[in-house]
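Take a look at the letters that make up each chain.
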Amino acid sequence: MKKQNVRTISLIVCTFTYLLVGAAVFDALESETEKKRWDALQAVERMVIKRYNITEEDFKVMETVVLKSEPHKAGQQWKFTGAFYYATTVLTTIGYGHSTPTTIGGKLFTMCYAIVGIPLGLVMFQSIGERVNRLSSFVIRTVKTSLHCQHTTASEVDLICVVTTLSSLTIAGGAAAFSKFEGWSYFDSVYYCFITLTTIGFGDMVALQKDNALNRKPEYVMFALIFILFGLAIVAASLNLLVLRFVTMNTEDERRDEAQAMQALQVAVRLEGDVITANGSILSGNVGHDIASTDTNSASICSCHCACFSGSNKRYEHRFKVRRSPSRIRHLLQPTVLPMKDFLGEPSTFTLYQTSTTLLQPPFQTNELPPVYQPHQRASV
């Protein structure tokens, strides 16, 4: 099995295992708290219905009004500032869900806008991430040169450390600002920054949703948008170093396999009539020659022009057949010495080469002379 297939199967197994482990941990951490909150809400609902003597249907109406009026408490979401904030969350795939289109035209334009905007945003952040990595490489080389280090080149480990440090500083600085403007705890602010910059965007915590900040605090709006765009660029730089390295491993393996295949073809040795490949197997055939045999089922490897086959009119098309390696057919090529009668009064021998199943017979009987015969001469096969 190819290395790419093994890596893909391993990634699938690891991903599903990671999902199962995560589900088990979240179940252990959140399920009990969820049950307690639900019981508390049910108790408050019964208390409100009993105190104000209203029906459950009226309570459901009040609940719907509260839920629908919640986004409007943050101010107008679809003026230019709020619309720009919404477009940013669409293009960056954050998708808080704090404001969503309600008209058919708004929903249709959101889909068309996302089809073009999301690839454009990904390419932009990818390009910015590459520039950040190049700048980091230049800074690393400059620092190493000033410190008179032996190796001044920026390795991947150095770049990962620099980009990770930048990401941490961005999240820490943004968390401090959001904690001040939004009144959140510092931990909640760090959580919000992480969820935003990783484009998860749960929407449970969204900036610019208090005191009509979209219209009254333009400087805070500008800071939030710059933080999102700059932070995503830093994250893109991290992805260039971490994720894309593993993604391109399959491509590198495919190129390596192609190179090895080309090298194996170049190592192949071409002989007259046979091709011996690098692994020792034989491709039997003879390009440009007529191949004849006295037996169609013969395993003979002889592919030369023999005088004994000159009378055969049968031709065979060029074909290659895998045979055993040379180390296993040497015993088939051992010469066999056959005693012949002395045609001219002097003892002589006539040597023939015998293959696996076919013995090349001379075109004359042993008791009669050939038309032209030289004694003491070995027949050529």
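Here the structure is a predicted model, which is why all the values come from computation and not from measurement. (Residues numbered from 1 in each chain as written. Predicted model: local features only at pLDDT ≥ 70, side-chain atom pairs only at ≥ 80, totals over all residues. Heavy atoms only, no water.)

What about the overall build of the protein chain?
The condition is simple: Secondary structure elements follow DSSP: runs of H or I of four or more residues count as helices, runs of E of two or more count as strands, with numbering from the N terminus. The cut-offs for exposure are 20% and 50% of the maximum accessible area for each residue type, with area from a 1.4 Å probe on protein chains only; residues under the lower value are buried, those over the upper are exposed, and the others partly exposed. Residue contacts are counted whenever heavy atoms from the two residues lie within 4.5 Å of one another.
If you tally the helices and strands in the protein chain, you get 10 helices and six strands. Within the protein chain, the fraction of its 381 residues that count as buried is 28%. Across the protein chain, contacts joining residues at least 24 apart in sequence account for 56% of those joining residues at least 6 apart.

With respect to the environment of A233
Position of A233 among the secondary structure elements: in helix α8 (residues 218-241). Separated by 66 residues in the primary sequence, A233 and S167 place their C-alpha atoms 9.7 Å from one another. The residues touching A233, leaving out its near neighbours within four places in the chain, are F125, I128 and G129.

Description of a nonpolar patch on the surface
The condition is simple: The patch calculation keeps residues exceeding 30% relative accessible area without a salt bridge and links them within 9 Å when they carry like charges or within 5 Å when they are nonpolar (Val, Leu, Ile, Met, Phe, Trp, Tyr). All accessibility values rest on the Shrake-Rupley procedure with a 1.4 Å probe; residue burial counts only the protein chains present in the view. One speaks of a salt bridge when a side-chain nitrogen belonging to Lys or Arg is within 4 Å of a carboxyl oxygen belonging to Asp or Glu.
Together, L135, F138, V139, V143 and L147 make up a nonpolar patch on the protein surface, roughly 490 Å² of accessible area in all. Note that L135 resides in helix α4 (residues 104-146). Given a relative accessible area of 55%, L135 falls into the exposed group.

A look at the packing of α4 against α8
The condition is simple: Every angle, taken between N-to-C directions, lies between 0 and 180 degrees, and every axis is a line fitted to C-alpha atoms, over only the stretch in contact when it is a helix. Note on angle classes: values under 35 degrees are labelled roughly parallel, values over 145 roughly antiparallel, values of 65 to 115 roughly perpendicular, and the remainder oblique.
One can describe the packing of α4 onto α8 by two numbers: an axis separation of 7 Å at closest approach and a directional angle of 70 degrees. Viewed along their axes, α4 and α8 adopt a mutual orientation that is roughly perpendicular. In contact with F125, Q126, I128, G129, E130, V132 and N133 of α4, α8 contributes L229, L232, A233, I234, A236, A237, N240 and L241.

Everything listed here is a matter of geometry and, on its own, says nothing about what the molecule does.
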